[in-house]
Amino acid sequence: MNISVIGSGTMGNGIAHVFAQHGFKVSMVDISQDSLTKGLGTISANLDRMVAKAALTEEQKTQTLERISTFTDLEQGVRDADLVIEAATENADIKLDLFRKLDQFTKPACILASNTSSISITKIAAATKRPEQVIGMHFMNPVPVMKLVEVIRGYSTSDAITNQILDLSRQLGKTPAEANDYPGFVANRILMPMINEAIYTLYEGVAGVEEIDTIMKLGMAHLMGPLQLADFIGLDVCLSIMKVLHDGFGHPKYAPCPLLVNMVQAGQLGKKAGQGFYNYSHGTKDLVVAESFKKS
């Protein structure tokens, strides 16, 4: 089976890595060669860490990298694919445009999957002439480490395609969990309101950043506090998903916290921007609360 992955960012390169490591030929597609080179560098570095832990041999690392080809031309990158997994920006318009093109450029039997964490698979599928072959494959970050694949059935997704994707996920050493196509699916319908509530808790002065995260880590056995997790995901992504939930359900409980909105508007997007609830510009692994949230 030939796999094409659209996008070479955090999720895209992770998906390409996992498929290539498990013996699949992978085409990784992005709009610039610089992005692809960076994505390959991330894959190589992650494989090096696996070699250092004796989870992989040098030969297996080399073979994994040899299975990955890169393309800046979408049509060329997907024409031989049996499965395309889209891992582009979490933006509905971008995804709809991509799926129209994928429907045109791929073989009729090709399965079209999206790694979207919240956007309707049914809506995406409606942009194609093969809605029964469109499905969600929501991998978790970091993809090489996390075991879950949330498999989302659109309104028209066939049983055969669903079963094929469930089996394929198991071949990757993952545990698939099936969900139906409603806003946020399962993972983000539960996770994002929790993160949003943690931000409201900070916004309303109930507790500070460290206290909120400490209570959730030690009291609820979470590996990472909700505010640190929001920084890791990206506050812009969190806001986007909350808007999908709010628009989809029309319930005020899904309204994004004003603090989250303001932070995104200010460009304080979390770890990738160097600052969110914590500061990441100090060059160490220590968690340092952002200056604006430190107690006076």
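Just so it is clear, the structure is predicted and the values come from calculations on it, not from any experiment.

### Some thoughts on the UniProt feature "domain: 3-hydroxyacyl-CoA dehydrogenase C-terminal" (unreviewed entry) in the protein chain
The positions that UniProt labels "domain: 3-hydroxyacyl-CoA dehydrogenase C-terminal" (unreviewed entry) are, in the present scheme, residues 184–280. End-to-end, the C-alpha atoms of residues 184–280 are 28 Å apart, and along that stretch the chain is 62% helix and 2% strand.

### Topic: the domain arrangement of the protein chain
The assigned domain composition of the protein chain is domain 1 (2–180) and domain 2 (188–293). Using C-alpha coordinates to define each centre, domain 1 is positioned 27 Å away from domain 2. Between domain 1 and domain 2, the contact holds 5 residues from the first and 5 residues from the second. Summed over both partners, the interface of domain 1 with domain 2 comes to about 460 Å²; 53% of that surface belongs to carbon and sulfur atoms. Where domain 1 packs against domain 2, one counts 0 salt bridges.

### Some thoughts on helix α5 (residues 92–105)
When the terminal C-alpha atoms of α5 are compared, their 20 Å separation across 14 residues agrees well with the 20 Å that a helix rising 1.5 Å per residue should span. All of the buried residues in α5 are K95, L96, L98, F99, L102 and D103. Looking straight down α5, one finds its buried side chains confined to an arc of 165°; they lie on one side. Turned more than 90 degrees off the buried face of α5, the exposed positions are D93 and Q104. Here the buried face of α5 lies against β1 (2–6), α4 (74–78), β4 (83–86), β5 (111–114), α6 (121–125) and β6 (134–139). Its side-chain oxygen at 3.0 Å from the backbone nitrogen of D93, N91 defines the N-terminal cap of α5.

### Details of the sheet that holds β4
What the 8 strands build is an open sheet, ordered β3-β2-β1-β4-β5-β6-β7-β8; its pairing is mixed. Strand pairing shows two members of the sheet lacking a second neighbour, β3 (68–71) and β8 (175–180), which therefore form its edges. Neighbour-to-neighbour, the strand axes of this sheet turn through a mean angle of 25°, independent of strand direction. Where β5 and β6 come together, 3 bridges link them in parallel fashion. Paired with L112 across the two strands is V134, which belongs to β6.

### Description of the side chain of D181
Note on placement: D181 falls in the loop between β8 and α8 (187–203). Buried and without a salt bridge, D181 has R189 as its closest oppositely charged side chain, separated by 10 Å. Looking at D181, its side chain comes within polar contact range of the main-chain nitrogen of I121, at 3.1 Å. Aside from chain neighbours lying at most four places away, what touches D181 is S120, I121, T122, I152, R153 and G154.

### Side note on the side chain of H138
Inspection of the secondary structure assignment puts H138 in strand β6. Side-chain polar atoms of H138 contact the side chain of E150, separated by 2.8 Å. The contact partners of H138, leaving out residues within four places of it in the chain, are S114, N115, T116, S117, L148, V149, E150, I152, A187 and N188.

### Looking at the UniProt feature "binding site: NAD(+)" (unreviewed entry) in the protein chain
Cross-referencing UniProt, the feature "binding site: NAD(+)" (unreviewed entry) maps to G7, S8, G9, T10, M11, G12, D30, E90, K95, S117, N141 and K272 in the present numbering. Inspection of the secondary structure puts D30 in the loop between β2 (25–29) and α2 (33–52). D30 gets classed as buried once you look at its relative accessible area, which sits at 17%. Every residue in contact with D30, bar those within four places of it in the chain, is listed here: G7, S8, G9, S35, L36, F71 and T72.

### Considering α8
Quick reminder: α-helices carry 3.6 residues per turn. Residues three or four places apart thus point the same way. The end-to-end C-alpha distance of α8, which contains 17 residues, comes to 24 Å, matching closely the 24 Å that a straight helix rising 1.5 Å per residue would cover. The positive-phi residue at the C-terminal boundary of α8 is G205, with phi of around 75°.

### Brief notes about the nonpolar core
Counting residues in each nonpolar core, the largest one holds 33 residues, and the members touching the most others are F19, L83, I85, F139 and I165. Tallying contributions element by element places helix α1 (residues 10–21) first for this core, with 6 residues. Contacts of I165, omitting those with residues within four sequence positions, involve L83, I111, I135, M137 and V151. Counting residues in hydrophobic clusters, the runner-up holds 29 residues, among them L239, I241, C257 and V264.

What counts and how
- Residues numbered from 1 in each chain as written.
- Predicted model: local features only at pLDDT ≥ 70, side-chain atom pairs only at ≥ 80, totals over all residues.
- Heavy atoms only, no water.
- UniProt positions renumbered as here; feature names shortened; annotations may be inferred.
- Helix = DSSP H or I, 4+ residues; strand = E, 2+ residues; numbered from the N terminus.
- Domains from an automatic or database assignment.
- Contact = heavy atoms within 4.5 Å.
- Buried area = accessible area lost by both parts, 1.4 Å probe.
- Salt bridge = Lys/Arg side-chain N within 4 Å of Asp/Glu carboxyl O.
- Expected span 1.5 Å × (residues − 1).
- Buried < 20%, exposed > 50% of the residue type's maximum accessible area, 1.4 Å probe, protein only.
- Arc of directions from axis to C-beta.
- Polar contact = N/O pair within 3.5 Å; in protein donor to acceptor, adjacent residues only side chain to side chain.
- Pairing = 2+ DSSP bridges.
- Axes fitted to C-alpha atoms, helices over the stretch in contact; angles between N-to-C directions.
- Lys, Arg positive; Asp, Glu negative; His and termini not counted.
- Core = buried A, V, L, I, M, F, W, Y, C linked by side-chain atoms within 4.5 Å.

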